[in-house]
Amino acid sequence: MALIGSRTTRRERTRARRASHAAPPTTTAQRPPVVELREGTVVYPGGHVALERVTLTVYRGEFAFVVGPTGCGKSTLIKTLIREVQPAGGHVLIAGRDINKIRARKVPLLRRRIGCVFQDFKLLPNRSVYDNVAYALQVTGGTRREIRRKVPEILRLVGLQAKIHNYPDQLSGGEQQRVSIARAFVNHPPLLLADEPTGNLDPETSIGIMQLLYRINRTGTTVLVATHDREMVDKMRRRVIAIEAGRVVRDQAVAGYRDETTTEFAMRVRAEMGVGNGGRPNGHGQEQA
Amino acid sequence: MRKLPFFIAEAFRALRRNAAPSIAAMVTILVTTLLLGVLIPVLKASAQTNSGVRSQLDLNVFLDSNATKAQIARTGKALRKLDHVKRVQYVSKAEAVQILRQRVGGGPLKGGFHQLKHSPLPANPLPPSFKVFPDSPDHLNLVRHEVAPPGSNGKPQPLTSAIQEVTSGRQEANKILSVTGAVKLVLAVLAVLLLIASVLLIANTIRLSIYARRREVEVMRLVGAKNWFIRWPFIIEGILVGVIGAGCAVALLWVGKVTIVDPLATDFALVNNFSTVGFVPLVAALVAASIGVSAFGSGVTLRRFLRI
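Every chain begins its residue count from 1, and numbering advances along the sequence as written. Chain labels run from A onward and ligand labels from 1 onward, assigned in the order the entries are written. Predicted model: local features are reported for residues with pLDDT of at least 70 only, side-chain atom pairs are reported and counted for 80 or more only, and whole-chain, interface and lining totals are derived from all residues.

Enquirer: How should the overall build of chain B be read in this particular structure?
Expert: When helices and strands are tallied, chain B shows ten helices and four strands. Helix and strand assignments come from DSSP, with helices taken as H or I runs of at least 4 residues and strands as E runs of at least 2, each series counted from the N terminus. Shown N-terminal to C-terminal, the secondary structure of chain B runs as helices and strands in the order α-α-β-α-β-α-β-α-β-α-α-α-α-α.

Enquirer: Is there a simple way to explain the overall build of chain A in this structure?
Expert: Helix and strand content of chain A: ten helices and ten strands. A fraction of 71% describes how many contacts in chain A between residues 6 or more apart in sequence connect residues 24 or more apart. The contact criterion used is a C-beta to C-beta distance within 7 Å, with each C-beta placed from the backbone.

Enquirer: Got a minute to help me understand the interface of chain A and chain B in this structure?
Expert: For interface size, the figure often reported is the accessible area lost on association. On the chain B side, the residues contacting the 15 residues of chain A number twelve residues. Counting residues per element, the ones that place at least two in the side of chain A that touches chain B are helix H3 (107–112) and helix H4 (129–139) of chain A. Classes in brief: Ala, Val, Leu, Ile, Met, Phe, Trp, Tyr, Cys and Pro nonpolar; Asp, Glu, Lys and Arg charged; the others, Gly included, polar. In terms of residue class, the side of chain A that touches chain B is built from eight nonpolar, two polar and five charged.

Enquirer: Would you mind going over the environment of proline 149 of chain B with me for this structure?
Expert: Residue and element names in this part refer to chain B. Position of proline 149 among the secondary structure elements: in the loop between helix H5 (140–147) and strand S4 (163–168). Residue burial here comes from a neighbour count, namely the number of other C-beta atoms, placed from the backbone, that lie within 10 Å of the residue's own C-beta, with 20 or more meaning buried, 12 or fewer meaning exposed, and in between meaning partly exposed. On the neighbour-count criterion, proline 149 (11 C-beta atoms within 10 Å) is exposed. For the pair proline 149 and leucine 159, spaced ten residues apart in the sequence, the C-alpha separation amounts to 7.8 Å.

Enquirer: I'm lost on the sheet that holds strand S2 (residues 85–91) of chain B in this one. Help?
Expert: Across a sheet, paired strands are connected by hydrogen bonds in the backbone, their directions being either parallel or antiparallel. Residue and element names in this part refer to chain B. The criterion for strand pairing is that DSSP finds at least two bridges linking the strands in question. Taken together, four strands build an open sheet; the order of strands is S2-S3-S1-S4 and the sheet is antiparallel. Because the sheet does not close on itself, it has two edges, and the strands there are S2 and S4. Taken pair by pair, the neighbouring strands of this sheet meet at an average axis angle of 20°, ignoring direction. Of the strand pairs in this sheet, strand S1 (residues 59–63) and strand S3 (residues 129–134) are connected by four bridges, and their pairing is antiparallel. Pairing of asparagine 60 across the sheet is with lysine 131, part of S3. Between N-to-C directions, angles span 0 to 180 degrees; the directions come from axes that are lines fitted to C-alpha atoms, helices contributing only their stretch in contact. On top of the sheet, H5 reaches S1, S2, S3 and S4; it is set at about 20° to S1, its chief contact.

Enquirer: Even after reading the chapter, I still don't get helix H2 (residues 74–81) of chain A, so can you show me in this structure?
Expert: Residue pairs three or four apart in sequence face the same way in an α-helix, which turns once every 3.6 residues. Of all eight residues in H2 of chain A, seven are buried, a share of seventy percent or more. Residues of H2 of chain A that are buried: Lys74, Thr76, Leu77, Ile78, Lys79, Thr80 and Leu81 of chain A.

Enquirer: Is there a simple way to think about the nonpolar core in this case?
Expert: Generally speaking, soluble globular proteins have nonpolar side chains that are buried together. Each nonpolar core comprises buried Ala, Val, Leu, Ile, Met, Phe, Trp, Tyr and Cys residues, the members being joined through C-beta atoms within 7 Å. Grouped together as the largest cluster of nonpolar side chains are 78 residues, with contacts concentrated most on Val133, Ala182 and Leu193 of chain A. Tallying contributions element by element places H4 of chain A first for this core, with eight residues. When residues no more than four places from it in sequence are discounted, the contact partners of leucine 193 of chain A are Ile78, Leu81, Ile82, Ile114, Gly115, Cys116 and Leu224 of chain A. Ala11, Met26, Phe234 and Val241 of chain B belong to the second-largest nonpolar core, a separate cluster that totals 23 residues.

Enquirer: Would you take a moment to explain the pairing of strand S1 (residues 33–43) of chain A for this structure?
Expert: Regular strands place side chains that alternate from one sheet face to the opposite one. Residue and element names in this part refer to chain A. Buried residues dominate S1, accounting for eight of its eleven residues. As judged from the seven bridges shared by S1 and strand S2 (residues 49–59), these two strands associate in the antiparallel manner. Pairing of valine 43 across the sheet is with valine 49, part of S2. From the end of S1 to the start of S2, which pair antiparallel, there are five residues, and glycine 46 there has a positive phi angle of about 105°. Where S1 meets strand S4 (residues 89–94), five bridges bridge the pair, whose relative direction is antiparallel. What sits directly across from threonine 41, in S4, is glycine 89.

Enquirer: Can you walk me through the packing of helix H6 (residues 173–185) of chain A against helix H7 (residues 203–218) of chain A in this structure?
Expert: How two helices sit against one another is set out by the angle between their axes and by the gap between those axes. Residue and element names in this part refer to chain A. It is the contact of H6 with H7, at a shortest axis distance of 10 Å, that shows an interaxial angle of 10°. As the angle between them shows, H6 and H7 are arranged roughly parallel. Relative to H7, H6 is oriented so that their crossing is right-handed. Only Thr205, Gly208, Ile209, Leu212 and Ile216 of H7 make contact with H6, whose side of the interface consists of Gly173, Gly174, Gln177, Arg178, Ile181 and Phe185. Residue classes in the contact of H6 with H7 are distributed as five nonpolar, five polar and one charged. An angle below 35 degrees is read as roughly parallel, one above 145 as roughly antiparallel, one from 65 to 115 as roughly perpendicular, and any other as oblique. Left-handed describes a crossing whose near helix is turned anticlockwise from the far helix through less than a right angle; right-handed describes the clockwise counterpart.

Structural data, given as structure tokens:
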């Protein structure tokens, strides 16, 4: 296992060196890995193999995409990282720790260190925007004063300060996803996982969400996004891990990586996708093509 | 425990936001508590008669109403000499009135027989008697034979001429015992069935209300809430449901006691005489049981949604 792990690392290093002219100032080689999957195999009850000997490493501060058609194992991969699904074989390491060796009682502690964003937002319907975000702090034992300070702050960051007392069903999809991101990020986790965060959203809103994730990434948080929105992924020009039928078929940094501010990023992506100028098909159309 | 206010606030929020299932659970608890609250005193009362009957295993040797003191003394001495007799107790005419008064209550007999107007009876028609206690209930018939051995013509020949009649509580006791035994069994079976049904019903109601919120629990888990952090509000909610349901039932029971049972008790000696379980311990037990069942039900039901 260790041998394979180190080989992966070496491959990563080679790739990083190859892309060094476009890479961010610090190369991945100098960063510790945050997510490590070694020969991870997931078999669902009934015998369906969702992931087959998947090996990949994501380093601290990276923004990486996991892409692939529906049912290829993207969501399973995300679930494996928060131990919602346990692999039948192989190892899953988060920050160097095998998460399948920690005790069940400690799993909540792991999940507090990982922010999670889902396609269906997974907000608590009985709670206002404020309370939804506050819950993530209450879970960790945050004091009332801390909650009162942090929640409005994070809601300002995602641009929802005006909707603080609304309930999820009074918000648009994009707004709900922003709440969900605020909740995932309010504890400032070192790792943020997003499972199809733009799956239910239109292209314009999707760009806003991606801009938000990019902004979070720029604070030093590692972000891993599973998506089938190929167009968006192409425009982001970040590392892409392609999965097909439970196997990694491609893992590369897209050429043309540039360190840019979030505003620059949003303007560029908008311009490239033609959103706002009207007339380009959205991500869903692309997926079926 | 620093989080207790938060948990209580969460429980109240859940009750408010899921009013329909909460009310269903409360009504279930109310109905079962009410039924148990009626059934338990009835069961207790029938048990009471039973034990009263059991202690009545003795012989009553009734003497002639006009027996002289010498005759009575002689009969008492003779009875004490018999085998298998543990104790002999003399019941005078006056004491007989007392006993009767105790059984049928005060009322017209309050001042004794001579107070009764237009009575066709002599001043006190009750005969003096001896209560003969055998050393064991099994020797009752043996002693009876000794007191009044059957003569050659088949009629009993009493020990002394003053003895008029010998009765034992046994025949009556056997009848009463078999009747109350049957009643008690039926009531006990009913109570047990009711208890099982109510526990299942409450468990099911709670299960449904939690099932409706399993997505919420799932989200809580994904955000990194520890199991007890999720569980406590549900348990407190269960306790609240139990308290409110049982509280309403107790209020209804109290109203029933004040408006129906208490007036009856002053009018009917029978109701008054049954010393049943006290209202306060009964209420305490019922409230504790309903809280326990609903809190435990919530906690256990939640377990399957908390598996990681």
